[in-house]
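# Overview (structure and organization)
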Protein chains: 2
Amino acid sequence: MKRTVNCGVLRAADAGKNVVLNGWVHRKRDHGGISFINLRDRYGITQVVVDQDSPSDLVSTAEELRNEYCIAVEGIVRTRPETMVNPDMETGEVEVVVKKLVILSRCEVLPFQIDEESEAKEELRLKYRYLDLRSGGMQRRIKLRNDVMFAVREWMIEHGFFEIETPTFIKSTPEGARDYLVPSRLYPGKFYALPQSPQLYKQLLMVSGFDKYFQIARCYRDEDARGDRQPEFTQIDIEMSFVSRDDVLSMTEGLFQHVFRKTLGVNLPEQFRRLTYDDALEIYGTDKPDLRFDIQLQDFAAFVENSDFQAFKDALAQGAAEQSAAALKGVTISGGGVKALVVPGKADYSRKQIEELEAHAKIYKAKGLAWMKVAGSAANPILEGGISKFFGDRATEITSGLGAKPGDLILIVADSRRRTANIALGAVRSKIGKDLGLCDPDRFEFAWIVDFPMFEFNEEENRWEAAHHMFSWPQEKYHATLEQDPGAVKGDLYDLVLNGYELASGSIRIHDPELQKRIFSIVGFNPIEAEKKFGFLIEAFKYGAPPHGGIAPGLDRLIMLMAGETSIKEVIAFPKNSFAVSPMDECPSEVDQKQLDELHLSIRYPQEGN
Amino acid sequence: MKRTVNCGVLRAADAGKNVVLNGWVHRKRDHGGISFINLRDRYGITQVVVDQDSPSDLVSTAEELRNEYCIAVEGIVRTRPETMVNPDMETGEVEVVVKKLVILSRCEVLPFQIDEESEAKEELRLKYRYLDLRSGGMQRRIKLRNDVMFAVREWMIEHGFFEIETPTFIKSTPEGARDYLVPSRLYPGKFYALPQSPQLYKQLLMVSGFDKYFQIARCYRDEDARGDRQPEFTQIDIEMSFVSRDDVLSMTEGLFQHVFRKTLGVNLPEQFRRLTYDDALEIYGTDKPDLRFDIQLQDFAAFVENSDFQAFKDALAQGAAEQSAAALKGVTISGGGVKALVVPGKADYSRKQIEELEAHAKIYKAKGLAWMKVAGSAANPILEGGISKFFGDRATEITSGLGAKPGDLILIVADSRRRTANIALGAVRSKIGKDLGLCDPDRFEFAWIVDFPMFEFNEEENRWEAAHHMFSWPQEKYHATLEQDPGAVKGDLYDLVLNGYELASGSIRIHDPELQKRIFSIVGFNPIEAEKKFGFLIEAFKYGAPPHGGIAPGLDRLIMLMAGETSIKEVIAFPKNSFAVSPMDECPSEVDQKQLDELHLSIRYPQEGN
């Protein structure tokens, strides 16, 4: 009873054929002594019918069937009467009249009906992941993931990249999160680390002359699962030699154009928008702006000077003072800022709605969220409510300056740190985008964020640290002054942003051992420490390392966004904790937790000996 | 100075063009004031020339160059004088006359010259792996690996398989070797195991209705590296629903036909040879015969009965007695055996050579290796040397029975266990194949070994264990008598053998929870233990599991054989211990080894909680 066709292919033209189908009982209904069974496999659903006048053993087997029984049927294809044609089913013109029916495997009472799993608790969906994966939604998303992976490989191979596997058992690469460690049984006291990315290995492949490398690579971070993050995740890891930033950017654009066209039939623009990091913060208050809606942050400072609103004036004055003080210490910080957001047509927001927005702004360290509503007419605008008594006399000037129309809501954040004002108002912007339904899941708005700062000052530890990672190339014009003014140094770093998510991060890398040593020194490694941790990289750079750079789009997040989902769990076959809610064995003995903690704290990138 | 062309493309037709090349100084020679530089990149080598009359700064930069400097040159393509054309180089008709030369990165004194690494010690090659990888050989093999991986994916996708990623952090799957364990920092006292294969996950994907799955999957075994094995390795993991054995076999044949044709231009036969496990042992003395040479094991027992050679007679008699005794205990074992091997034309083997073969046979538990040489003529053969005095009077009968000709060497192993005689003589056969150079690395001889036994009796532990693994389907005709005579049960198990290596192993799986429980019970799990370890699998089978089966070709071994190599290290970019011979940090603290040992001994497939 092996299938001759699958459940997705039969059409009216097949009428009269003898076929065998294998699949699952998706739904079954009995009507006037006839059994109608929707038989499902990966390819589709076909209606199979056990007629009233069938032999009694066939009828009684059909009676036994329950949802999700796995069965084989043999029968004749016939067209359905016109009134019974189901235009919503690809096979809806036909049905198969069963001559023979074999139960391949039975099914116990289901914890949830297939394709109704959205009503099931997530816990149940994870426990019975194998049933959850039978749903049309999960099948489509896992297929999309397969399609995207293959489209990526197709394009990369076509463009001369080699897929090269890098090890899972490595010396640790410093990427910001904790490493998973694997103790060795054969080499007592020694450990491997699992890679947070193949970063150093792909750089070594460039030193090896492989020129163009990629890998759809599994990576690991010892941290808890969240909506958009899993402790093991997959990235499209890419590295190229003899390239500058723009080569990497246009390569990436070509890749995504191919992937979106091939798998979703979506045409992306030939070039993606490019924003500097500074501009992104000024205009959207974030380095990962959602560009599916066009609300921008605007500078309100010009209206503050001649106003009587002391809070705004104080923020600017204090910012200027702090900036001067920092400058004396050679540290570059942003001054004060007053930034405004015009929300079109939302002058009808209630006080409660605005308070919710303010609470959101405060999460991002805003001291408050000021507001005014625009009333009156275009010719004669009026500012009302909130802080309007301080600015009402300049309604025309302000509304025309901000491009606000009657019916609009104006939101303002002031802070002695311009960066704080931007980020808090940027968070408000994102919330408004979601609240107002401006984030169409079927739209894909890409943007490059470029010219990131190389270093950030960690005020707690009173030292500079790498904003991205220590292997990125500082732009040439800063090479002479790296040590004097780290805060001013921009790197050849770039992020690819899609619909408000960071989809990829990359940079041109350092290939000069001396420059690499200077970077290690700026972020506070003494030479002995640097040699101990990264000696093998510095050593490799001494043997004719080529200029190189790369990028690493995250696959999970990409599929999540392409599928219009908001949780990574929806696009991974077996996310963390699938099955884990079912009873699991405990470890018979426990590793000394204190010892493990110490090891993590003092990790020195161990690796097994020879 | 970004390249306009790579180092592999210039031809005579390009003469006159202005080009920029980037690459490495492969070799450099100075001749009559002219510098000839072989500039190399991944794509080829181009000769670039700094002429005598070049500007002095160009000449002095050229003088500075040493092997493996990474440089950029700009210049004009010109055809070489006819006497200087190098037909061995693809770009040998031309050279580039340098106008501008930039050193991108310098190179220290090399530990070995690129493309002469075969003379370097393996230790040095591993320490400077990034230099080793620059060699033509490693570049070709890593490219072959890339090509094969893509060809696999191309064929699998074309044939409706989805590539689905399974987790790295799992409950342990019992596969025979030790698991690597990853202690959790977030869930004290809990551990993950790393997969030895995605076995159970791919079976769950079949339960999930994915129908056809594959994955080029990283797998892990906590054991030491060997020539053909690494602690982390890659397999082409495949599983299909609603199939029987022959479906999996012909699918695999189609896959390998595509891969070999596409990447090596080699046409494989439409169907691969098939041998039962029993026949393979009888004819080749191994379940992974090298079929590149046609020497077969033959039965010598018929000549023993009427001879005076007591050792052979004893072996057969003792074997028969042991077999009867075992049968009384319900255990099936092979009787005694006397097996012969005819080595064509090797009657000239010295006593020392034969002693070497005997020593080899003894490794495989032979008690000795008897021999005779065939002399005389075809019409009148004579047996000489060794044990010929016992058989010399029957020379014609024996040589014609074995198909031995004058000049041939006959080797014989007798044992009270037929299996031992077969295996020892099979090992001799393999050694002879290698010694006589019969193993052409450019020939690819595939064979299927089928009808493996399901269970092997572990005499030490006095219990049955799974010969392959516990999830394989016993052939239907044995279902009624599994428990009565486990030793007789054949499973729907199959191995794919290539040139004497096991390339792939697979089986039709059990999908019936009751049958699965019986297997667990036969191999000695009590029901509570079985439920604890595999409850989630049994549970999944209760929800309409489809019949399914699969196979898992090993990628590393495949590439090794395709490249004609004998070590896996030659086909992995970063094998275990690359870099490890350079000084490495020790762990600052040691995990209690005794604790770890206990954990490994009593492992109960732990996993992190929710």
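Every value quoted in this text rests on a predicted model; they were computed, and no experiment measured them.

What counts and how
Residues numbered from 1 in each chain as written. Chains lettered and ligands numbered in written order. Predicted model: local features only at pLDDT ≥ 70, side-chain atom pairs only at ≥ 80, totals over all residues. Heavy atoms only, no water. Salt bridge = Lys/Arg side-chain N within 4 Å of Asp/Glu carboxyl O. Helix = DSSP H or I, 4+ residues; strand = E, 2+ residues; numbered from the N terminus. Axes fitted to C-alpha atoms, helices over the stretch in contact; angles between N-to-C directions. Parallel < 35°, antiparallel > 145°, perpendicular 65-115°, else oblique. Left-handed = near helix turned anticlockwise from the far one by under 90°. Contact = heavy atoms within 4.5 Å. Buried < 20%, exposed > 50% of the residue type's maximum accessible area, 1.4 Å probe, protein only. Polar contact = N/O pair within 3.5 Å; in protein donor to acceptor, adjacent residues only side chain to side chain. Pairing = 2+ DSSP bridges. 1 Å grid on protein atoms, 1.4 Å probe; cavity = no way out; pocket = protein on both sides within 12 Å on 5 of 7 lines; lining within 4 Å. Points joined across faces, edges and corners; volume = space filled by probe spheres on them. Nonpolar A, V, L, I, M, F, W, Y, C, P; charged D, E, K, R; others polar. Phe/Tyr/Trp six-rings, centres within 6.5 Å; stacked < 30°, edge-to-face > 60°. Lys NZ or Arg CZ within 6 Å of the ring centre and 35° of its normal. pLDDT = per-residue confidence, 0-100. Disulfide = S-S within 2.5 Å.

Quick look at the pattern of salt bridges now. Per the stated rule, a full pass over the model turns up 98 salt bridges over all chains. Across the pair K17 of chain A and D14 of chain A runs a salt bridge whose closest N-O atoms are separated by 2.7 Å. Measuring nitrogen to oxygen at the nearest pair gives 3.0 Å for the salt bridge that ties R125 of chain B to E570 of chain B. Pair noted here: R125 of chain B is in helix 2 (residues 122-127) and E570 of chain B is in the loop between helix 16 (555-562) and helix 17 (593-601), with a separation of 445 residues, a long-range link.

Residues and elements named next belong to chain B. Orientation of helix 5 (residues 199-207) relative to helix 15 (residues 527-541), taken along the N-to-C sense of each, is 20 degrees, at an axis distance of 10 Å. Overall, the two elements helix 5 and helix 15 adopt an arrangement that is roughly parallel. When the axes of helix 5 and helix 15 are compared, the crossing they make is left-handed. Here L200, Q203, L204 and V207 of helix 5 come into contact with helix 15, specifically with F536, L537, A540 and F541.

Now for the side chain of T168 of chain B. Checked against the element boundaries, T168 of chain B lands in the loop between strand 6 (162-163) and strand 7 (181-183). Look at T168 of chain B and you get buried, because its relative accessible area is 4%. A polar contact is formed between the side chain of T168 of chain B and the side chain of R218 of chain A, at a distance of 3.3 Å. Excluding residues within four positions of it along the chain, T168 of chain B makes contact with R218, Y220 and E232 of chain A together with A193, L194, P195 and Y220 of chain B.

Attention shifts here to the environment of N526 of chain B. Residues and elements named next belong to chain B. Mapping N526 onto the fold places it in the loop between helix 14 (513-522) and helix 15. Classification of N526 by relative accessible area gives partly exposed; the value is 38%. At 3.0 Å, the side chain of N526 forms a polar contact with the backbone nitrogen of I528.

This part takes up the sheet that holds strand 2 (residues 34-41) of chain B. Adjacent strands of a sheet pair through backbone hydrogen bonds, lying either parallel or antiparallel. Strand order in the closed barrel formed by 5 strands is 1-2-3-5-4 (chain B), with mixed pairing between adjacent strands. If you compare each strand with its neighbour and ignore which way they point, the axes differ by 55 degrees on average.

This part is about empty space enclosed by the protein. Summed over all chains, the structure comprises 8 cavities of 30 Å³ or more. When its volume is computed, the largest cavity comes out at roughly 450 Å³. Elements represented by at least two residues in the lining of the largest cavity include exactly helix 4 (136-158) and strand 9 (212-220) of chain A together with helix 4 (136-158) and strand 9 (212-220) of chain B. Broken down by element, the lining of the largest cavity gets its largest block of residues, 6 residues, from strand 9 of chain A. Residue classes in the lining of the largest cavity are distributed as 15 nonpolar, 9 polar and 8 charged.

All names here are of chain B. The element strand 21 (residues 501-508) is extensively covered by neighbouring structure, given that 6 of its 8 residues are classed as buried. Relative to strand 21, strand 20 (residues 493-498) runs antiparallel, the two being bridged by 6 bridges. In the strand pairing of strand 21, D495 is matched with S505. Between strand 20 and strand 21, which pair antiparallel in sequence order, lie 2 residues; one of them, N499, sits at a positive phi of approximately 50 degrees. Here 3 bridges tie strand 21 to strand 22 (residues 548-551), and the two strands are oriented antiparallel to one another. Among the inter-strand pairings, I508 is bridged to a residue of strand 22, identified as G549.

Our focus in this paragraph is the packing of aromatic side chains. A complete count under the given rule lists 57 aromatic pairs over all chains for this structure. Ring centres of F312 of chain B and F391 of chain B lie 6.1 Å apart, and the angle between their planes is 35 degrees; this geometry places the pair in the tilted category. One end of the pair, F312 of chain B, is in helix 9 (residues 310-328); the other, F391 of chain B, is in helix 11 (residues 388-391), with 79 residues separating them in the sequence. By relative accessible area, F312 of chain B is classed as buried at 4%. Ring centres of F457 of chain B and W464 of chain B lie 5.0 Å apart, and the angle between their planes is 70 degrees; on these two criteria the pair is classed as edge-to-face. The class of F457 of chain B is partly exposed, set by a relative accessible area of 29%. Residue classification places W464 of chain B among the buried positions, given a relative accessible area of 13%. An aromatic cluster is built from F300, F303, F309, F312, F390 and F391 of chain A, whose rings are joined through pairwise contacts. Sitting over the face of the ring of F162 of chain B, R42 of chain A holds its NZ or CZ atom 3.8 Å from the ring centroid.

On to the confidence of the model for chain A, then. Residue and element names in this part refer to chain A. Within chain A, residue pLDDT values average 90, and 92% of them lie at 70 or more. Low pLDDT (under 50) marks residues 580-591, which in the prediction has 30 contacts with non-local residues, meaning those over four places away or in another chain. Considering only residues more than four positions removed or in separate chains, one finds that residues 599-610, a stretch of pLDDT under 50, has 54 contacts.

Attention shifts here to helix 14 (residues 513-522) of chain A. Note on helix geometry: an α-helix contains 3.6 residues per turn, so any two residues three or four positions apart are oriented the same way. Residue and element names in this part refer to chain A. Among the residues of helix 14, P513, L515, Q516, I519, F520 and I522 are the ones counted as buried. N-capping of helix 14 is provided by D512, with a side-chain oxygen placed 2.9 Å from the backbone N of E514. After helix 14 finishes, the residue G524 shows a positive phi value of roughly 100 degrees.

Turning to unusual backbone geometry, a few remarks are in order. All names here are of chain A. A positive phi angle, near 70 degrees, is found at D211, a position not held by glycine. Note on placement: D211 falls in the loop between helix 5 (199-207) and strand 9. The class of D211 is buried, set by a relative accessible area of 1%. The residue F242 is not glycine, and still its phi comes out positive at about 60 degrees. With respect to the helices and strands, F242 occurs in the loop between strand 10 (232-241) and helix 6 (245-264).

Next up on the list: the side chain of Q139 of chain A. Topologically, Q139 of chain A is positioned in helix 4. For Q139 of chain A, a relative accessible area of 12% corresponds to the buried category. Non-local contacts of Q139 of chain A, meaning those with residues more than four positions away in its chain, are made with R42, L133 and R134 of chain A together with S208, G209 and F210 of chain B.

A word on the state of the cysteines. Residue and element names in this part refer to chain A. For the structure on display, the rule yields 0 disulfides over all chains. In this structure C7 is a free cysteine whose sulfur lies 9.9 Å from that of C70, the closest cysteine sulfur available. Residue C7 is classed as buried on the basis of its relative accessible area, which comes to 0%.

This part is about the pairing of strand 9 of chain B. Residue and element names in this part refer to chain B. For strand 9, a buried count of 7 out of 9 residues is recorded, marking the element as mostly surrounded by other parts of the structure. In the sheet, strand 6 pairs with strand 9 via 2 bridges, with the strands oriented parallel. Considered in strand 9, the bridge of F162 is made with Y213. Here strand 9 runs beside strand 10 (residues 232-241); their pairing, made up of 9 bridges, is antiparallel. Within the sheet, the bridge partner assigned to C219 lies in strand 10 and is F233.

What follows is about the sheet that holds strand 11 (residues 273-276) of chain B. Taken in spatial order, the 8 strands make up an open sheet running 6-9-10-22-21-20-17-11 (chain B), and their pairing is mixed. Since the sheet does not close on itself, it has two edges, and those belong to strand 6 and strand 11 of chain B, each with one partner.

What follows concerns the environment of L297 of chain A. All names here are of chain A. Along the chain, L297 turns up in strand 12 (residues 297-299). Exposure remark for L297: the relative accessible area of 6% places this residue in the buried category. A sequence separation of 235 residues divides L297 from A62, and the C-alpha atoms of the two residues are 65 Å apart. Not counting residues up to four positions away in its chain, the partners in contact with L297 are L281, E282, I283, Y284, G285, K339, A340, L341, N422, L425, G426 and R429.

For the rest of this paragraph, the subject is helix 16 (residues 555-562) of chain A. Residues and elements named next belong to chain A. Within helix 16, 8 of the 8 residues are buried, which leaves it mostly tucked inside the rest of the structure. Those residues of helix 16 not exposed but buried are L555, D556, R557, L558, I559, M560, L561 and M562. Summarising the contacts, the buried residues of helix 16 are in contact with helix 4, strand 9, strand 10, helix 6, strand 20 (493-498) and strand 21 (501-508). At the C-terminal side of helix 16, G564 shows a positive phi close to 70 degrees.

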